[in-house]
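This is what each chain is made of:
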Amino acid sequence: MTLTVGVLGYRFMGKAHANAMARLPMFFPDAPEIERHVLVGRDEAALADAADQLGFETTATDWEDVVDEVDAFYNLGPNHVHAEPSIAALEAGTPVLSEKPLANDLQSAERMAEAAESAGVPTATAFNYRFVPAIRYAKNLIEDGELGEIRHFRGTYMQDWLADPEAPWSWRNSEEMAGSGALGDLGAHTIDLARFLVGDVERVSGHLQTFVDERPVEGDGDETEMREVTVDDAYSAQAELEGDVMATFEASRFATGHKNDHSIEIHGSKGSLKFSLERLNELEVLREGNRGYETILVTDADDPYVEHWWPPGHVLGWEHTFVHENYEFLSAVDSGEAYHPNFADGLAVQRALAAIQESDENGEWVAVE
Ligand code: SOE
């Protein structure tokens with residue numbers, strides 16, 4: 001049976017997921033057969049062009065017409081539109097993949113996770129960095145006890161696309177639409193990796209900062225309209241993870257010189273590891289008894305997901321994480337088996353994000369319930 005996929009959103013993430021779906025038959029022949037069936041958006045002309053470019057059969061301007069007609073629904077819109085279409089799809093029994101963070105606020109994330117629980121179908125929160133082969137390799141090392149007892153997790157996510165005060169305002173600068181700034185957009189990924197590799201976040205102390213309070217709205221007029229920035233440009237947090245693990249998290253859109261630098265370090269009683277997204281094929285590992293780190297090029301055929309691609313050393317990139325994520329999610333939709341990271345994982349991250357915001361506001365440590 002061919003699975004039909006409906007996708008809301010056709011910009012950055014729409015393209016990343018459509019590309020992933022297009023790669024599946026060639027590189028993952030055991031993936032279920034799918035059809036990029038319907039692309040959803042509001043601007044009919046732009047939508048028609050996007051559907052053509054991204055390989056969709058049809059278009060729709062109303063998500064309500066789509067959510068109960070497809071075998072899987074992808075919600076790739078801005079954060080404030082994650083909840084309603086996703087909940088409607090789940091109420092119709094349709095599996096849903098939502099972009100991250102799960103929602104723009106904790107209450108919406110809770111409603112989404114409840115709807116997922118009641119529907120009992122696979123859901124996904126699109127934390128694509130879990131699907132980097134080197135991250136999977138790291139997880140295997142930790143599970144095999146190679147690092148011993150984990151003591152520290154350090155995660156930073158550095159970008160610089162807002163360092164220029166003239167960089168235009170977008171929905172990512174709006175609390176109403178995005179929920180938070182660097183915290184939710186970037187920190188959500190780091191917190192998900194902390195949970196995936198080490199364990200749940202138990203309590204946090206957070207600090208958020210906005211460096212530029214208003215930005216120009218892009219437009220044709222002669223008068224420059226300025227709009228308020230209502231989210232953080234950067235955040236930092238210290239945290240305690242389960243098992244008495246000490247953690248620090250940090251992200252910025254003002255880290256000049258860093259484009260998309262998501263880095264983590266983990267220290268255990270027997271060894272350590274380091275990973276940076278800017279060198280995503282590599283993992284630095286310090287093994288017990290060694291004086292220094294070794295650099296492992298995670299591109300061997302028996303490394304996670306690599307047998308589907310190229311010979312050793314023929315490196316993979318950012319877009320491959322989406323292919324792996326789509327492979328796992330669509331296989332779960334086909335088989336009905338559980339998938340992670342699901343909406344419950346997305347909610348757990350959202351609870352940590354909300355606690356970091358609350359801690360910044362009241363100046364105290366906050367427990368992540
Ligand atoms: C923009 O900051 C962005 O595209 C995020 O929204 C993504 O989740 C991250 O993977 C890369 O940066």
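Undergrad: Help me out: how do you make sense of the packing of aromatic side chains in this one?
TA: Centre-to-centre distance and the angle between the planes together describe a pair of aromatic rings. Scanning all chains against the criterion turns up twelve aromatic pairs. Ring centres 5.9 Å apart and planes at 65° place the aromatic pair Tyr74 and Phe329 in the edge-to-face group. With a gap of 255 residues between them, Tyr74 in strand β4 (residues 72-75) and Phe329 in helix α8 (residues 318-335) connect regions that are remote in the sequence. Residue classification places Tyr74 among the buried residues on the basis of a relative accessible area of 0%. Measuring from centroid to centroid gives 4.9 Å for Phe211 and Phe254, while their planes differ by 55°, and the two rings are tilted. In this pair, Phe211 sits in the loop between β8 (201-209) and β9 (214-216) while Phe254 sits in the loop between β12 (245-252) and β13 (261-268), placing the two residues 43 residues apart along the sequence.

Undergrad: What is the right way to read the sheet that holds β12 from this model?
TA: Pairing between sheet strands relies on hydrogen bonds along the backbone, with the strands arranged either parallel or antiparallel. Spatially, β16-β15-β14-β13-β7-β12-β11-β8-β17 is the arrangement adopted by the nine strands of the open sheet, whose pairing is mixed. Only two strands of the sheet have a single partner each, and these edge strands are β16 (294-297) and β17 (366-367).

Undergrad: Honestly, unusual backbone geometry in this entry has me stumped. Any pointers?
TA: It is generally the case that most residues other than glycine have a negative phi and that most peptide bonds are trans. Cis geometry is adopted by the peptide bond preceding Pro101, which originates at Lys100 and carries an omega value of -10°. Mapped onto the elements, Pro101 comes out in the loop between β5 (96-98) and α4 (106-119). At the junction of His340 and Pro341, the peptide bond is cis and its omega measures out at 0° in the coordinates. The residue Pro341 is located in the loop between α8 and α9 (343-362) in this model. In this structure, Asp244 is a non-glycine residue whose phi angle is positive, near 60°. For Asp244, the location among the structural elements is in the loop between β11 (234-241) and β12. Of note in the backbone geometry, Tyr305 takes a positive phi value of approximately 70° without being a glycine. Structurally, the position occupied by Tyr305 is in the loop between β16 and α8. For Tyr305, a relative accessible area of 11% corresponds to the buried category.

Undergrad: Would you mind showing me how to read the site of the ligand here?
TA: Surrounding the ligand, one finds Phe12, Lys100, Tyr129, Tyr157, Gln159, Trp161, Arg172, Asp185, Leu186, His189 and Asn260. Contacts to the ligand include Lys100, whose side-chain N or O atom sits 2.7 Å from an oxygen atom. At 2.8 Å from an oxygen atom of the ligand is found a side-chain nitrogen or oxygen belonging to His189. When the ligand sits alone it has 300 Å² of accessible area, and the protein chains cover 89% of it. With three residues, helix α7 (residues 182-197) is the single largest residue contributor to the shell around the ligand. Residue composition of the shell around the ligand, by class: five nonpolar, three polar and three charged.

Undergrad: For this particular structure, what's the right way to read the packing of helix α1 (residues 12-27) against α8?
TA: For any two helices packed against each other, the geometry comes down to the angle between their axes and how far apart the axes lie. The N-to-C vectors of α1 and α8 enclose an angle of 65°; their axes lie 8 Å apart at closest approach. Viewed along their axes, α1 and α8 adopt a mutual orientation that is roughly perpendicular. Considering the relative orientation of α1 and α8, their crossing is right-handed. Between α1 and α8, the residues in contact are Phe12, Met13, Ala16, His17, Asn19, Ala20, Met21, Arg23 and Leu24 and Trp318, Glu319, Phe322, Val323, Glu325, Asn326, Tyr327 and Leu330, respectively. Residues belonging to the contact of α1 with α8 are distributed by class as follows: eleven nonpolar, three polar and three charged.

Undergrad: Just to check I follow, could you spell out the domain arrangement of the chain for this structure?
TA: Taken domain by domain, the chain holds domain 1 (3-128) and domain 2 (132-314 + 343-367). When each unit is reduced to the centre of its C-alpha atoms, the spacing between domain 1 and domain 2 is 24 Å. Contact with domain 1, which involves 29 residues of that partner, is made by 24 residues of domain 2. Carbon and sulfur atoms make up 68% of the area that domain 1 and domain 2 hide from each other, which totals about 2,200 Å². For domain 1, the biggest contributors to the area lost against domain 2 are Phe27, Phe28 and Phe127; these three give 29% of the whole. For the interface between domain 1 and domain 2, the tally reads two salt bridges.

Parameters at a glance
- Residues numbered from 1 in each chain as written.
- Predicted model: local features only at pLDDT ≥ 70, side-chain atom pairs only at ≥ 80, totals over all residues.
- Heavy atoms only, no water.
- Phe/Tyr/Trp six-rings, centres within 6.5 Å; stacked < 30°, edge-to-face > 60°.
- Helix = DSSP H or I, 4+ residues; strand = E, 2+ residues; numbered from the N terminus.
- Buried < 20%, exposed > 50% of the residue type's maximum accessible area, 1.4 Å probe, protein only.
- Pairing = 2+ DSSP bridges.
- Near = heavy atom within 4 Å.
- Polar contact = N/O pair within 3.5 Å; in protein donor to acceptor, adjacent residues only side chain to side chain.
- Areas by Shrake-Rupley, 256 points an atom, 1.4 Å probe, with all protein chains shown as cover.
- Nonpolar A, V, L, I, M, F, W, Y, C, P; charged D, E, K, R; others polar.
- Axes fitted to C-alpha atoms, helices over the stretch in contact; angles between N-to-C directions.
- Parallel < 35°, antiparallel > 145°, perpendicular 65-115°, else oblique.
- Left-handed = near helix turned anticlockwise from the far one by under 90°.
- Contact = heavy atoms within 4.5 Å.
- Domains from an automatic or database assignment.
- Buried area = accessible area lost by both parts, 1.4 Å probe.
- Salt bridge = Lys/Arg side-chain N within 4 Å of Asp/Glu carboxyl O.

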